[in-house]
Structure formats: structure tokens, C-alpha cells
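# Architecture at a glance
The residues making up each chain are set out below.
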Amino acid sequence: EVPAKESEGEVPAKESEGEVPAKESEGEVPAKESTRQRRAIPKMHSAPQLPAKSRTFSTPRITVRNEEMEDSFSAPSGSDKPYRTRTNAFLDASTMGDRPPMPNPENLLRNRRSLTYSTSWTKAVEEKGDEIWRTFAVVTETVGYILWHSVDYEQDKPPWKVWGRFFASLDDFASKHTLVISAYTVKDRIFSLLMNAITLDTKAGITRSFLLEVVLQLCQMFESFALSSYPRFDSMGDEKDVALEKLSSTFMPDLDPRHCSTELLEQYLKMLEAVGIIEGPIHSGLELEIAQSATRVLLACTAMEEKEYYVMAALKLQFLLRSPSYPRQEVFFILAHLNRIITEALENGEKERPQYLAAVIRGVFSNHLESLGVSQVLPQLPDSKGSPSFATDFLLYSRSEEWRNYAKNTLTTELFQYRTVLLPFLHKLIKQGHECYLLYNQDERLRKEVIFQDQRTYQEDILSIFFELREHEREREKSLDSQGRNELAVILQRWRGTHRFFTGERGAWSLRKPELYLWKMDRTENFSRMRMKLARNYNCNKHTDASQLRDLGTVLPSQPQPDSSLLERLKVTGRSPSLGEEEDHLEQLAADVNSPGTLEIEDEASSKKEESIRMVVEDADLITLMERHPGRLEITTKHIYFFSDQHDKKDLPQWYSTDFKVPLSQLREIHSRRYNMSRTALEIFLVDQTNYFINFPDKKTVTKVYSTIIALNTPSLNRVGIRTPTRLLQASGLTQKWVRHEISNFDYLMQLNTIAGRTYNDLNQYPIFPWVLRDYSSDELDLDNPEVYRDFSRPMGIQNDSLIDHVVTRYEELDDPTIGKFHFGSHYSNAAGVMHFLIRLEPFTTLHIDLQSGKFDYADRQFFSILSTYQTIYQTGTDVKELIPEFFYLPEFLKNLNGFDLGKLQTGEELQDVILPKWASSPEDFIQKHRDALESKYVSEHLHEWIDLIFGYKQIGPEAVKACNIFNYYTYEQNVNLESIENPKERRQIESIINNFGQTPTQLFTEPHPLRQSTDLARKNQAKGYTSTFAGRRALTNLFEHLHDLKAHCVDISSAGKAVVFVGTPSIQTRALIVSGNPEQLVTLTECGLLNVHGWLPFSTSKHRPFTFQFDPNAAFDKSQQYVGGPFAQDLTIYPHLFVLSANNKLLATGGHWDNSFRVYSVERGKLASLIAHHNDIVTCMALDKASTGDHLITGSRDTTCAIWKFGTNESFNHPMQTLYGHDSEVLCVDISTELDMAVSGAKDGTCIIHTVRHGRYTHTLHPREGSHCEIHKVSISGLGRIVVYSEDPRGRSKNISTVPPCLHVFNINGELLQEKELSESVNDITIVDKYLITGNARGFLAFRDLYSLKQLTALNLLAPIRCLSVVRDHHTKVYTHLLVGLENGKLIIVSVKDQPLPTKGGS
């Protein structure tokens, strides 16, 4: 198409050979194709289907103005495939070969002047520059192309839906963003493209009827866009129908020039001319609707003052009015509107516009005079057909009274009737606009979903892999860094050990100034979960700064150092740095490494092997007292690792290393735990009695970690499962055992605490023990007097009767909606209370100072007196704390062993050790009597009442209210759910409340706790059960409960009269057929090495003997007798400590052999099983672990060393577990307890040394006779850590006179001498049973003593020197029934309670 005039803003298109331009006025297109070969473009497939027809037509071309533009936008042709008429179908992968070419930006830029038919957007984009114009041209051409080809009636995609959604999206986008080119300009351009496409398709020969529906919808959309009279659907309120009714009654079309430029109007009219609406006759309803829409647009143009609008509109309206099919209401509407415009124009003095509009009115009357019926009404109306001056005449006539009355009466009335035509259109317009907006929102949601899905796919396929690799590299880097720190920690640990070994009191350089150290609590527990040991604390911080800050309010400056560097100190002093200084230098290099940890350096191959079989890696926190150490937990098929992320958190005495490595074979139990009231933690218990508390991010991780460990099938793990505490308690049977007196009160309370989640690892959940006594002022403590005990049925806050009414009143008056009602504002167990009691021991001293902002609290507020503490609780009721377990086993917490400056009381007295009750002579005496009180008859009868308060049915609910046992709301687990609290501030507040107020233990009982049986009833029931099992046999009696009713029975073992130097029975049950009477083994060994295995049962049907003894049949024949092979050293006296019998009596280990070995024999076969030569001199002593398994053996030698062995298999004797050093002379005696992690050895030089079993570290040296020359001949360790040492003068055994008498010494587990007792005769053997010490001397006296006071309780004269002792414990009743004594004369004495009754028939 070639424009006629360049002056109108258009330039001629580039002419090509054979192409003849035509005049624009003729509305023609080039008749022939260019003779130049055009670029081959594939034809698009089937075009949109109109509803009335099924015929297809070629896809129209987007408007082009020259050949090159045509080349870019020509529609494809000549294809048989069905065209995919969906959005962006031309980009579908399946039709890549058939898609039309995209617009060429270079062509658009080069021919920008060829698009001047829409100068409004051209001018707008020209102001923005070529780049913006280029982008705008490409985008609009592409969008127009897509919109035209997206119409598909078969897929419910009519034009108004397709195009309306686009315009809705454009409006929404424009409302949210500032556009470079306005939305009006974009719409202007899109409408122009769509109109031109219809025009070209019509001129190209497309059947007119197929385009009418498309034209109608485009016209109506353009009408709603161009006229500002129409409301937007989203601006309509709830009364939409009323508003539309009003609008249709008073409607006057008004054109918005921003929406409809003259160029766009011209394009609009060309389209109508092309489809035959303006000049052609109107036949169908579609044509009429199009004409009506065009009429409203043109009428709006007549109201414009710009000549371009009203001239064009007047001319086209005249053509439209030629059709006689116009409805009468439409004609009246046109006439009324034109009359209004003419009247306003004349009033404004306009001359030209009224002339054009009067010409239109002439067409109205010429073509519709009859339908208007004005011949009789307007007799003076100028002739509209024959008069050449009608326009001038009508303008004069319009001022007449006749016309004015007609306009006021008739036109106004008829205009109101036009609403019947307009109202349905308005409803349709609003409905379609609303639906388009909904469709757009739906498309937007789908688009966002697709984007989200694409992002998720991108995340999964690309980003997740990248992040995983990045995280893996970070973890690897962190692991390498942690491994380096751990290796440095191990190196430093070994350096410390070596340094302290050589410079310590038993080292080669011990004459040098010893290293200073303080004491701290050790984590080692016994089987009753008592932590009785102290460890050396080389961080010698006596907290003088904290004392000065308390007293003076400031810290005094320390003495300045010239230069702290080793190099400068070397220059100043002229000497080399000491070993201590070198160690300080190493510690400075390893400042972020914890004190001795458990991780060991592994070779690279082992590390890679562990890495390849890693099972679980999870983020976790290691909980230590008050600290939370973030890190990473790793589980492999062999170990559990924890790597801490923080190695420089606080300068606290380390409770234990924050990095650890645990072999899975050492796992004993795993319990579910809560941390800050959330069950997101696990506590791991090991075979060696250590434990770790680990918190995880959520419960899901807890389950994952636990399931992984269980799936590995570790041999030592007790698979109790993550059960609820109540079910765990029921499964354990602990309550029934306590009721039957099978476990002590202390053990039962400790187990209840453990099951309820109380732990040593978290001070907020520390184990809870009751106040037992209330008499702390008497000179003597009478445990048989009920008045000395507290009321176990009441909380500590109401032990005083006078406080009950006050507590009840306070509860009733409280009505806080946040924290609810409570009887007591404080709690009976919290971290501050624990630190209050343990302030004299590290690490609790440091924690106390940290809690008090860097200083000690004032002395009167500290724990300085047991009586004062109890009186404060009794008299005020505000402090209701219960006790901690240390009150029943740890006297050291009552002493200021480290010499801290704790301040002065108001009395002026300096605060040191805790002031004890008058009835306690020492901290050890207090602990012993306090423990006796806990196990007393009265407490056993009433302890269940206290359990009901703390762990039972009186903990919560109505019963708790009755018992005045309600505490702060947030101390109860069921009231707190931190996982549901999303507000971080609120979460921290609740965590602070929990940490300050304490945590109530998990409820274990929902019904009253059963009472404990009396001691007599328990024994009677035990005897009934025993006699029913072993019917017809003597009942068993505890030997130590009848010490004054003992009787000795003699059995002749050696016919040759050789001394019996060893006797032993199994310490564990070895035969399941004991019920049928099959005997156990009793092993004896004589001085000459004769080994006999006798039959033994601790009961009998005989009236003469309360046991069964069957002689070894091999002992009667010389040839069948069995001897321990190999001669003993000639200068060695054979004593029982040269022999060890395994727990099951299957292996016998012997020492004292001339070849420096110790040997292991099979008891059943009497043959040598192993010969171990490790020591460099004769093995002089050995002992077996006192644990039930008895799988550790310790040997001592004349080479001054000791060795610890794993006892049981041949492979375990290849290398010792530990080699212990420190003695200066021959080791004479040893003992070992893995339960307490201690090995004790006594030497000829009078020293007794204590080492740890697990690491072989030196801890203490005991000097029983410091200043006197003596030898240590016997050592023995009790289950509660008491160490009995027997010493004697070395001349005492070779001469009749002795300058130093034999002596018994009792030390506690921390090396403090408690008791001494000089003896008149030498002791040949000692043994400890519970709180009793048994000794046998060279004169034949068998003495039973109290272990704590060494007071002799009873004695038996056996008339011959005693060589060995062994106590028999019944495996069924756990009662010590007999004492076996080997004598010098070859006889075996069996001591029992005399006159044991025989059970009657039937077991009664």
C-alpha cells in the first residue's frame, strides 16, 4: 500500500520492478506481486475458526509499508499440516521448521519512517532514542503477531478473551511499574496492528462473513478503550446494576484523545470500510452491532474541537446513516447527540463544526424521516433533500422555538429509550472485562507456578548439586581443620603427660620444683553413678580477681612483666627456657584446643576407611553443664565422632573435651532426653561409665540418629529404645526391686533421676535428692529416732507448719493469665542451686563467678553452713531447693581444697570449709552418717511419699494442689512447646525462664508409689523364694548381719600339710543347672603348686554343715594330681596375691615364676594356656578387676613397673593395655577397679601410687608411713573408693623385733588419709566386703573390722597362721554366705553363720 501524500506524515514505500503504486483514496493494494524473487516463507496452517463457518483462510499479515517489511512479516503459505493456534505456537519445538520468521530489528530501524501511519507512538518513541524505538518496534510487532494468531474458537479462545487478557496484563503491569513508553501508546500500536491485519485480509480476498465476529469484538474493545464515558469494571461497586442503569439513561459518548489518535481513528475507519460497514448495506445483526459501535465512536469524535476528528466523523456518519436498517432508537440517539454538540458549538461561537454536523443531520432526515415521524411535528423543518442550503437553514432553524420544544420533549424522551440498546452492551462490556481480568489472574498464577516449578527444577538439577558440592567441600575443609586441631590437641596432651611424668613427684626429675595444680571434679562414675574422684587442674586460677572485684569493686593491677616472649626472657636471664615454659609456648600455639580430649591421631588409611563407611552426619550441640557447643556428629560403622565448631568459647576449666570419639562397641545405653523442655536430645552412656549429652535441631534428626545406631547392632548396647520414661521404668522392674530391698535407696533414687531425664551434663536438669534430716544441731545423731527426719509427704517450702496457711493463701490469690497459679515462686532444682552447693569445686566455681558477673557472691549468701541453709528453708519457705547427690557420697565438696578466697561472713569469720552439724566430726563423717540416714528404716518407710511429690502423681494436677506442690507454669514439660513458637524474642524469653526457674522432672508415676517392704518381710519373702527353688536345703543367711554368731568348719585339703595359699569360687553364676544340685567349682592352690578343683554349693541338707563340699577326686592319687607348671622364684614367699582366678573359674593366672613370666592355666584341663613374658624381672603380684565381668588384670614386678591386661583371650595378652611407672623399688601388691578408673600399687620403698586404668595417667602418691621406713604389702579398693593399705617394717618378718608395728591405713579415692590402725601381728591377707574389712594374721586370728573406723567388730581364732581369704556370694540371693580361709597347715576353714535353720517341707 503506498500513501498518496508525504505531507500527511508518510513517505512512499520503496518501489520495486513491476510494481505500480495506487492511490490511497481508492483503497487498493498492489495488484501484482513483485517480479523480484521474494524470500521463501512457509505458510501458516489453518486460521482461527469463526463460529458460523468451518472454512479456513490464510493467516493475515501484520501491517507492512514496504517490500522489506513484507519480507519480514509475510504469512506462510502452502502447508498441509494443521496450524497449532495456541499462544507462542510458532515457537513450538515440533514446528520449528514451519515457524514464521521473527521481525528483523535492522529492517524496522532502517524503515522507521515507513510506519508513520501511527504518529502518536512514533513521536513518543522518537523522544526516547533509537534503542528504545528498536525495542518497542520489535515487541509490539511480535505481540500483535501473537495476538492475531492466538485466536481459536474451537479451544475457547475468542478474540475478546485473548486480547482482553493481554490488555488486562498490560494495565496491571503499568499500575505496578513506571513504563518507558506509556500503556496508552502500547495499546494504540496494538489496536493499529490488529485493525490493519483485518484490512489487509479483507483486501486479500478473505470472505467478509468470516471476519465479522472478529471485527465486532475488536470494535467493541476499541470503543471501550477510546471512549472515556465507559466505566472500568474494577471501579464498579456492589451497586453495579444501578450504576449501569443510570449511565445508560444519560449516556453521552466522550472521546479520550490519549487513547485514540487521528491516525488510529483513520486506521479504524479504513478497517470498517474494508469490511463494508461504512459504505455497504447493513444486513445481519453482526453488521448492525458493528455499525452501532462505530456510530458511538464517531459521535464522540464530533464532540472534539480538533478538525481532524469531527470532519472525519461527519463524513463517515453520513455514509452509515444511508442504511435504512438503523433502529429508530439509534437514529434518535444520533440526532439528540448532534443537536447537543451544535448547540454548544453555536454558543461558543464556532462556525465550521456546526456546518459539518448539520450535514450529518441532513442525512438523518433524508434517510429516516418516516421512521422519525417529524413531518407533522416539525412543519418548518428545512427540506433535507432538495435544498442546497440545508446546513445554513438548519442552523437558523435550530434556534427556533419549534425545534427547541421538539428537542426538549421528543429527543429527550427518545434518548432515554436508547438505554434498551446501550444497557445490554454495557453489561456485556463489564462482564467481559471482569472475565478477562480473572483469566489474566489465572494465567498469572499458572505462570508463577511454572516459574516456581522451573526454579525448583533448576534448584534440584543445578543449584542443589552445586550447593551439595560446595557444602561437601566446606565440610571437608572443616574436617581437615578439625583433624589438625585434634592432632595438635593429642600432641599437646602427650607432651603434657610426658612432661608431667618426668617432672612430677614420681618422675626422674622430681627434685625440681613441682608443677602447681588445683583440684576439679572428675567425670568418672561408679556403677551407682557416684562421681567421687577429683582430677588435677593445672589451670591454677584461684580467682583472686573475682575476690577483689567482690571486696573492692575493682581488680588490682598485676605486676608488669618485662617481656612475655620466651626469646626476650632468654636474653634477660641468659638461660634456656624451662620445660614448663616450652609447654606454655605449645599451649599458646594450641590456644583453641581443649584440655585432654578423647580423639586420637589416626593414620590416613584408617581415616579414609572411616570416611567411606560414614553412616550419618548431622549438626548437633554438645551440652556440658551450662555450655552449648555447636558442632557436627558423625556416625560410622565403628565409631561415633563429635567435632566442635567452637574451640575458644570461654576460659573455663574443661569438664571434658568438646571433641570426642567413641567406639560403637563401648555403647551401653542410649536415652531420649529433653533440652529446654524439647525432646530433641540423646544421652549416650558408655561401658566405662562415661556419658555424653547431645542436642539435635529437631525430633526427626533424633529418630534418624537413634535408628542408625540401633541398626549397627553394637554388642554391648542395651536396646531399650526411645521409650517414654514411664514405659522404660516399667520395663526395668526397678520399683519392684526397691520394694524387695534388692537395691538401695540411693541407687533407686539415682535410677529414677536418670529415667526421668535428670543428668550431670545439664545443670538445669541435675539429679534431685531429698533433704533427709532436720536435726543439724544435736551433738549426737540418733537414726532410730523419727524426730530427726523431715516430713517426706511435704515439699521443703512447708516443712514448717506455720507456713502452710501463707502458701495456700498465696496460691488462691494468684491469678496471672501468663504464669498461672503456683505455691512457690522458686523451684527445688535449678542451675543456680547446684552451683550454690558446689561452689568450692571446679568447674562450678568458675560457673558461679560467671553467673555473678565476674565476681564471687557475698559470703553470707554462699553455702557456708548446712544448719543455716536448712533453717533458711524451714523458716522462710521462699527457698525450697532440695539436695543434690553429692550430699551422700562426696565429702570434698564441703572442703575448700583449692583455697579460694570466698570472703568473710558478717561475723568476721573467714569462709573456708562448710560448717558441719555438731554430730559430724569431719566431712567424711557427715557423708557417711547422711548416707546411713538415707538408707535407714524410717526413710525406707517414707521415701515413697517424696517420690510422689517429685516424680509421681502429686507432681501435677489436683493432688499437687492439695499437697502445695505447684511451681512456676514454665517449669512443667507439658506447658512448654518451643517448636511451636515462631517469634525468636518470645522463644528466648521462655528459654530464659526455664533456665532461671528450673525444670520439673518427667512424671514417672500417675498412681501412688508402692511402699517398701520391711527388712524382715523382704528377707522372709526372699527365703521363701529361695527355699521354693532349692526345696529341702538350708536357707542362706548374710554372714555380715550375724558377725557375733559365726562358726568355723574345717576341711582338710592337703594330706601333706602344705599351706593353702589360694582359694576361690566363681564370682558369676556359671551353671544354669544349679537347681538340680550340680556343684560349682572351688579352686584351691597349695604352696607347692598343687591345683585342686572341688565341688561346692553354699547350701546343704546336712544338719552338721551349712554347705556342700565335694573333694577333688584327683587329689587322692599322686599320678592324677595337677600342679602349676614351672618353679617359683626361690627367694619369693608364696602369697595369695600371686594368683588370680577368672570370674567364671575357667582360667587361673599365676605369677612369681623364675623366668619373669606370668602364666594362664585352664582350670578344667589343668594345662597351660598362655605364657606371657613382658616384665624384665619376676612378677611379684597380680589382681583381677573387682567388676562383675572381671576382664582386666594388673600385674606388678620387681622391675618397678605394673601392666594392665585385657584378661580372657590369648590375643589380649599380646600387648598390655597400659604400662605404669613411678616406683623406685620392687612392686609388692596391686589392685584394680575399672569401675572407678583406678589402679593402685604398693612398693617395697613404702610408697603407694594411683594411676588411671583407661589412660595410664599418674594421679596420686600415698605415703602411709611418711618419715618411717616401711613396705607396702597389701592394697585393696572398696566399691565406694576407699583404699586400704597395709604396711609393715621390712625387718618385721625376718627378726623378732620391729621398730615400726604393722599398720592398716584407709585413704579415700582422692588420696586423703582417713584412718590408721596399728596392729600387734603381721597380716597375711585382707579383703573388703561392702563396709567391712576382713584380715587374717600370722597367729591365726580372723578379724572383722568396720572399714571407715577400722574398729574391730568380731574375731575368730583359727589356731593356725592364715594364708588366704575369699568371700562366697550366692548368685541367686546376692548374699555373702561364707568365708573361705586357707591355713598354713593345709586346712581350709569355711566360716558361716551357725545354726542356720532347715526349711520345712514345702518350703515354709
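The structure presented is a predicted model; accordingly, all values stated were derived computationally and were not measured.

Let us look at the overall build of the protein chain. What the protein chain contains, in helices and strands, is 33 helices and 38 strands. Looking at the protein chain residue by residue over its 1404 residues, the buried ones come to 54%. Expressed as a percentage of contacts within the protein chain between residues at least 6 apart in sequence, the contacts between residues at least 24 apart total 63%.

Enumeration according to the criterion identifies 51 aromatic pairs in this entry. Between F863 and F887, the ring centres sit 6.0 Å apart and the planes meet at 55 degrees, which makes this aromatic pair tilted. Taken together, the positions of F863 in the loop between α27 (844-851) and α28 (866-876) and F887 in the loop between α28 and α29 (923-934) put the pair 24 residues apart, joining distant regions of the chain. With respect to class, F863 is no different from F887; both count as buried. Measuring from centroid to centroid gives 6.2 Å for W946 and F951, while their planes differ by 75 degrees, and the two rings are edge-to-face. Across this residue pair, the class does not change: W946 and F951 are buried. Taken together, the ring pairs connect W771, Y776, F837, F863, Y870, Y874, F887, F893, W919 and F926 into an aromatic cluster. Lying over the aromatic face of Y692, R523 brings its terminal NZ or CZ to 5.2 Å of the ring centre.

What follows concerns the confidence of the model for the protein chain. Across the protein chain, the average pLDDT comes to 78, with 79% of residues at 70 or higher. Across residues 560-612, where pLDDT falls below 50, the model places 78 contacts with residues more than four positions away in sequence or in other chains. Note that pLDDT drops below 50 for residues 648-653; the model gives that stretch 13 contacts with residues more than four away or on any other chain.

Our focus in this paragraph is the side chain of S1366. Secondary-structure assignment places S1366 in strand β36 (residues 1362-1369). By relative accessible area, which is 13% here, S1366 ends up buried. The contact partners of S1366, leaving out residues within four places of it in the chain, are V1063, G1064, T1065, H1378, L1379 and L1380.

On to the sheet that holds strand β29 (residues 1283-1288), then. Think of a sheet as strands paired side by side through backbone hydrogen bonds, with each pair either parallel or antiparallel. Overall, antiparallel pairing links the four strands, which are arranged β28-β29-β30-β31 in an open sheet. Two strands in the sheet have a free side with no partner beyond their single neighbour: β28 (1271-1277) and β31 (1313-1318). Averaged over all neighbouring strand pairs, the angle between strand axes comes to 20 degrees, with direction disregarded. Looking at chain direction, β29 and strand β30 (residues 1303-1307) are connected through five bridges and run antiparallel. For V1284, the partnering residue across the bridge sits in β30 and is V1306.

Our focus in this paragraph is unusual backbone geometry. Geometrically, the link from E842 to P843 is a cis peptide bond, its omega value of 5 degrees lying close to zero. With a phi angle near 60 degrees, H543 is a residue other than glycine that sits in the positive phi range. On the basis of relative accessibility, which here comes to 8%, the residue H543 falls in the buried class. In the Ramachandran plot, N1156 falls in the positive-phi region, its phi being about 65 degrees despite a non-glycine side chain. Structurally, the position occupied by N1156 is in the loop between β17 (1147-1150) and β18 (1158-1162).

With that settled, the discussion passes to the nonpolar core. Core analysis: the biggest nonpolar cluster contains 98 residues, and W163, F222, Y268, L272, F365 and F394 have the highest contact counts within it. Ranked by the residues each element gives to this core, the list is headed by helix α7 (residues 208-226), at eleven residues. Beyond its immediate stretch of four places on either side in the chain, F222 contacts F191, M195, C260, L264, Y268 and V297. Core analysis: the second largest hydrophobic core is formed by 96 residues, M532, A960, C964 and C1248 among them.

Right, let's get into the side chain of N968. One can find N968 in the loop between α31 (958-962) and α32 (984-997). Residue N968 is classed as buried on the basis of its relative accessible area of 6%. Side-chain polar atoms of N968 contact the backbone nitrogen of Y970, separated by 2.9 Å. Filtering out sequence-adjacent residues up to four positions away, N968 remains in contact with I819, F822, F824, I993 and F997.

Across five bridges, the pairing between strand β34 (residues 1341-1346) and strand β35 (residues 1352-1357) is antiparallel. Looking at β35, one finds that F1344 is bridged to T1354. Counted between consecutive antiparallel strands, the loop separating β34 from β35 contains five residues, among which L1350 sits at a positive phi close to 60 degrees.

Turning next to the pattern of salt bridges. Applying the stated rule across the entire model yields 51 salt bridges. The shortest N-O distance in the salt bridge between D443 and R165 comes to 3.0 Å. Taken together, the positions of D443 in helix α16 (residues 419-503) and R165 in helix α5 (residues 159-176) put the pair 278 residues apart, joining distant regions of the chain. Overall, R165 belongs to the buried group, its relative accessible area being 19%. A salt bridge links R987 to E991, with the shortest nitrogen-to-oxygen separation between them at 3.6 Å. You can see R987 and its partner E991 sitting in helix α32, four residues apart, about one turn around the helix. Look at E991 and you get buried, because its relative accessible area is 18%. Three or more residues joined by partner-sharing salt bridges are found here, namely D1131, R1198, E1226 and K1244.

So, about the packing of helix α10 (residues 285-302) against helix α12 (residues 328-347). Contact geometry for α10 and α12: axes closest at 10 Å, N-to-C directions at 5 degrees. Between α10 and α12, the crossing angle belongs to the class labelled roughly parallel. Residues Q292, T295, R296, L299, A300 and T302 of α10 pack against E330, F333, I334, H337, L338 and I341 of α12.

Time to look at α32. The end-to-end C-alpha distance of α32, which contains 14 residues, comes to 20 Å, matching closely the 20 Å that a straight helix rising 1.5 Å per residue would cover. Downstream of α32 by a residue or two, G998 has a phi angle that is positive, lying close to 110 degrees.

Okay, the sheet that holds strand β26 (residues 1248-1251) next. The four strands are arranged β24-β25-β26-β27 in an open sheet whose pairing can be described as antiparallel. At either margin of the open sheet sits one strand with a lone partner, and together these are β24 (1227-1233) and β27 (1258-1262). For this sheet, the mean angle separating the axes of adjacent strands, direction not counted, is 15 degrees. Looking at chain direction, β24 and strand β25 (residues 1238-1243) are connected through six bridges and run antiparallel. When the bridges of β25 are listed, C1229 appears paired with G1242.

With that out of the way, let us pick up the environment of K895. Of note, K895 is situated in the loop between α28 and α29. Overall, the relative accessible area of 7% leaves K895 in the buried class. Residues K895 and L841, 54 residues apart in the sequence, show an inter-C-alpha distance of 8.6 Å. In this structure, K895 is in contact with R840, D913, P923, E924 and E1312, ignoring residues within four places of it in sequence.

Here the focus is a nonpolar patch on the surface. Together, F501, F502, W509 and Y1221 line one region of the surface with nonpolar side chains, adding up to about 380 Å² of accessible area. Locating F502 in the fold gives a position in helix α16. Owing to a relative accessible area of 32%, F502 belongs among the partly exposed residues under this scheme.

Inspection of the secondary structure assignment puts T140 in helix α4 (residues 130-149). A relative accessible area of 3% places T140 in the buried class. C-alpha separation for the pair T140 and V186, spaced 46 residues apart in sequence, amounts to 7.2 Å.

A word on helix α17 (residues 544-552). Taken together, the buried positions of α17 are A546, S547, Q548 and R550. If you follow the buried residues of α17, they end up packed against α27.

Turning our eyes to something else, we now look at the environment of N196. Within the fold, N196 resides in helix α6 (residues 183-203). C-alpha separation for the pair N196 and Q267, spaced 71 residues apart in sequence, amounts to 6.8 Å.

Quick notes on the rules
Residues numbered from 1 in each chain as written. Predicted model: local features only at pLDDT ≥ 70, side-chain atom pairs only at ≥ 80, totals over all residues. Heavy atoms only, no water. Helix = DSSP H or I, 4+ residues; strand = E, 2+ residues; numbered from the N terminus. Buried < 20%, exposed > 50% of the residue type's maximum accessible area, 1.4 Å probe, protein only. Contact = heavy atoms within 4.5 Å. Phe/Tyr/Trp six-rings, centres within 6.5 Å; stacked < 30°, edge-to-face > 60°. Lys NZ or Arg CZ within 6 Å of the ring centre and 35° of its normal. pLDDT = per-residue confidence, 0-100. Pairing = 2+ DSSP bridges. Axes fitted to C-alpha atoms, helices over the stretch in contact; angles between N-to-C directions. Core = buried A, V, L, I, M, F, W, Y, C linked by side-chain atoms within 4.5 Å. Polar contact = N/O pair within 3.5 Å; in protein donor to acceptor, adjacent residues only side chain to side chain. Salt bridge = Lys/Arg side-chain N within 4 Å of Asp/Glu carboxyl O. Parallel < 35°, antiparallel > 145°, perpendicular 65-115°, else oblique. Expected span 1.5 Å × (residues − 1). Patch = residues over 30% accessible without salt bridge, like charges linked within 9 Å, V, L, I, M, F, W, Y side chains within 5 Å. Areas by Shrake-Rupley, 256 points an atom, 1.4 Å probe, with all protein chains shown as cover.

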